[in-house]
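One letter stands for each residue in the lines below.
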Amino acid sequence: MTDASTVTEATTMAVAKRGSEPQSTACVLCSLNCGVTVEVEDGHLTKIRGDREHPISQGYQCQKASRLDFYQNAQNRLRSPLKRREDGTFEEISWDTAIREIAAELVRLRDEHGGHSLAYYGGGGQGNHLGGVYGSVLRAAMGTRYIYTSLAQEKTGGFWLDGRLYGRQTCHPSEDVHNADYVLFIGTNPWQSHGIPQARKVINALARDAERTMVVIDPRVSETAKKADVHLQVRPGGDAHLLLAMLGTIVQEDLADQEFLEARTTGFEELRELLTAVPVDEYARLAGLDAEAVREVARSYAGAEAACVRTDLGLEHSPHSTLNLYLAKLLYLITGNFGKKGGNNFHTFLLPLIGHSKEPGEGGAVTRVTGMREISKLFPPNILPAEIDTDHPERVRGVVVDSSNPLITAADTDAYRQAFSKLELLVVIDVAMTETASLAHYVLPAASQYEKWEATFFNLEFPANFFHLRRPLFEPAEGTLAEPEIYRRLAAAMGALPERFPILERIARFDRRRPRWRLFPAALATALKLRPKWKSYLSAVLHETLGKALPDDARAAAVLWGGCQFYARRHAEAVRRAGIEDQGDGLGEALFERVLNSRSGTLLSVHRYEDTWKFLRHADGKIHLAIPEMLRELEALEPPTLDEDFPLVLAAGERRSYNANTIVREEAWRKRDPHGALRLHPLDAGSLGLEDGDWALCESRRGQVRVQVEISGEVLPGVASLPHGFGLREKEGEDASIRTSGPAINELTSAAHCDELAKTPFHKHIPVRISAAAEDPR
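Moving on, we get to the pairing of strand β2 (residues 35-41). Taking burial as the measure, the 7 residues of β2 include 6 buried ones, the bulk of the element. Direction of pairing for β2 relative to strand β3 (residues 44-50): antiparallel, over a ladder of 5 bridges. By the bridge assignment for β3, Glu39 is matched with Thr46.

This part is about a nonpolar patch on the surface. A grouping of Phe510, Trp517 and Leu519 is seen on the molecular surface, where their side chains present a nonpolar patch of about 280 Å² in accessible area. Owing to a relative accessible area of 49%, Trp517 belongs among the partly exposed residues under this scheme.

Let us now look at the environment of Arg67. Relative to the elements of secondary structure, Arg67 occurs in the loop between β3 and α1 (69-72). The spacing of Arg67 and Lys329 is 262 residues in sequence and 36 Å in space, taken between C-alpha atoms. The contact partners of Arg67, leaving out residues within four places of it in the chain, are Tyr658, Ala668, Trp669, Arg670 and Lys671.

Once that is clear, we can look at helix α4 (residues 135-142). Residues that lie three or four places apart on an α-helix share one face, since the helix turns once every 3.6 residues. When you tally the buried positions in α4, you get 6 out of 8 residues, the bulk of the element. Where α4 is concerned, the buried positions are Gly135, Val137, Leu138, Arg139, Ala141 and Met142. One or two residues past the end of α4 sits Gly143, with phi positive at roughly 75 degrees.

Turning next to empty space enclosed by the protein. Evaluation of the coordinates by the stated rule reveals 4 cavities of 30 Å³ or more. Quantified by volume, the largest cavity comes out at close to 370 Å³. Contributions of two or more residues to the lining of the largest cavity are made by α14 (313-316), β21 (648-654) and β25 (719-723). If one sorts the elements of the lining of the largest cavity by residue count, β21 sits on top with 3 residues. When its residues are assigned to classes, the lining of the largest cavity shows 6 nonpolar, 10 polar and 7 charged.

With that settled, consider the packing of α4 against helix α19 (residues 483-493). Packing of α4 against α19 brings their axes to within 8 Å, and their N-to-C directions diverge by 20 degrees. Classed by the angle they form, the pair α4 and α19 counts as roughly parallel. Crossing handedness for the pair α4 and α19: left-handed. From α4, Gly135, Val137, Leu138 and Ala141 reach across to α19, where they touch Tyr487, Leu490 and Ala491. In terms of residue class, the contact of α4 with α19 is made up of 6 nonpolar, 1 polar and no charged.

Criteria and cut-off values
Residues numbered from 1 in each chain as written. Predicted model: local features only at pLDDT ≥ 70, side-chain atom pairs only at ≥ 80, totals over all residues. Heavy atoms only, no water. Buried < 20%, exposed > 50% of the residue type's maximum accessible area, 1.4 Å probe, protein only. Helix = DSSP H or I, 4+ residues; strand = E, 2+ residues; numbered from the N terminus. Pairing = 2+ DSSP bridges. Patch = residues over 30% accessible without salt bridge, like charges linked within 9 Å, V, L, I, M, F, W, Y side chains within 5 Å. Areas by Shrake-Rupley, 256 points an atom, 1.4 Å probe, with all protein chains shown as cover. Salt bridge = Lys/Arg side-chain N within 4 Å of Asp/Glu carboxyl O. Contact = heavy atoms within 4.5 Å. 1 Å grid on protein atoms, 1.4 Å probe; cavity = no way out; pocket = protein on both sides within 12 Å on 5 of 7 lines; lining within 4 Å. Points joined across faces, edges and corners; volume = space filled by probe spheres on them. Nonpolar A, V, L, I, M, F, W, Y, C, P; charged D, E, K, R; others polar. Axes fitted to C-alpha atoms, helices over the stretch in contact; angles between N-to-C directions. Parallel < 35°, antiparallel > 145°, perpendicular 65-115°, else oblique. Left-handed = near helix turned anticlockwise from the far one by under 90°.

So, to be careful, I would describe these as geometric facts and stop short of saying anything about function.
Here you go:
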């Protein structure tokens, strides 16, 4: 008999593909995916160093990357498909059995209840987006458009705003921090969270340069705040009032860029009327700040030659989430710090990380139970339990989870636990037996990110953008498959695709020898015209035809071929500026070959700053500043209220030196803070009778976690802070007992505590109470 811990007992020792010479790859512990070189010795990643050949990170590396072997050689790797028994234990089954049974259940649910009865969650973590692309194959066979991702738990409010401001939700700006004279970091701590290339190097350069200014807006005295010229320690939940006080100052003191506004925008007059009426002194007070300090930051930002704004989860996971982001965007728009060096600018995508969704009133998709709108082709995790745990006839009945662990990472763990227990089918594809996998009907073992061709699509740089296609360092662990092959097999078993495409396969092999003849593109276009259904499964078609003709078994990279053709057509001059030339086979082919053969990554394109205006999608070519929904929320703005029974505010999800996403599951990878301590102000600790190292109970209206206390002056009185990435179940000792590693913060969160428009959870503003507890409860 095999239970939920059916994983390898010994450390995984995957077979190295190459010798011990340094190999180029990337760190997968944050969105930057910095290039690293590694040596492979006895199945382990060793001598991990920053890759100086990487076009963006250029040798930069933080401390987390040196611990990557804890991911590759995790003790709980899955090595066989698993099927859940009626008693909750698991048995190993063959791949053929797993594919056949899962496909049959998916077809049954789709045919009996419709594609909307099925949902897809995940599709790639920080560094395995290439496999996630092939998730579209399974979704097409399932007949569903329900895609739930962590990205939709964080960023979709901003994407929705981009659609209204710029014409499409794919018009996504980034910040030119490296060339700015004045940088505003709002709700972000890039010293730990990164988010910008070479973050610590850039922060140190800003701090040392007397001609440049760095301002941090954050309730906590973060590592970045300690190096800033100015730190506005905003009260939790006070971001909207602070940003309005700044915008009010800019408008009331006539500091807006009128020339820019007249030439590039519409709707400013409507905004001006509202911002002129902002009571700056009162709003600064509500934000917990000195009004003159706020005014001075607004003046100096508006007066800078080149200024940019960088925001992150601190702003997105706070009350008024979407409004916060709107106001932050207005800061750089009304001051003319857009479409210029050192400002905020649009960037390109080699493959689209997001899409564009219509508004519900224009025919846009909504969910059947809660009526939630689709944003950027995504749906927010906050609503999924309600879409499942109901008697509604059109509820979600089956979910496929890929490379994600919503039982830990999504808000309201208890709601997920209850909802997933009511599913007719839950399939989890992952490298490890996660908390979510332990509830699944079937668990499918995936190859690790270092055992297959992989990439990240978080390539958000401008004016120079890049791409890094990573080669496998190991053979796939025994019993595992890469996600593209899993999806292809499932779609074929569901009757959506043939097992092979023999004619296209032969043409693709010949085409790789004579690409200038363009035989494969012509044959593919003809095949898709004759069989239009295949268009929905294009990535699988490419995987099984062109992919088989690529060197070194790079089948998963085949989907990039199409991306390179479109990218080269749209951005031809910028591609040429990156040193990529058409050698007679077409610029798209030259770009694809560069991507395929650049082991440390390559520049894709080098744009000019004025090119950013070509990315605007409104018919009039202008930015539409006035968004009615936001203006209504602005007029009705109230500060968040405190709960008398839960008088402290918990900011959950703090980035620290040794926490990351949950793909690294072993506590031993952390060199410090192994328990994920609760940071508490000395005044609060004293009033509660707590000392450094004491154990405490942190309770919300939703649940409770036990925590170890760290007394810290970094947080404000009345505020506590916990990190993310903890609360994972680990086997311990000879009896293989299960223990929990650190606080599972989403035991405290509620799905109802969220942004009204985007359903982004308010992780940074959880009402809690804290009391003393017994010693280490594990």
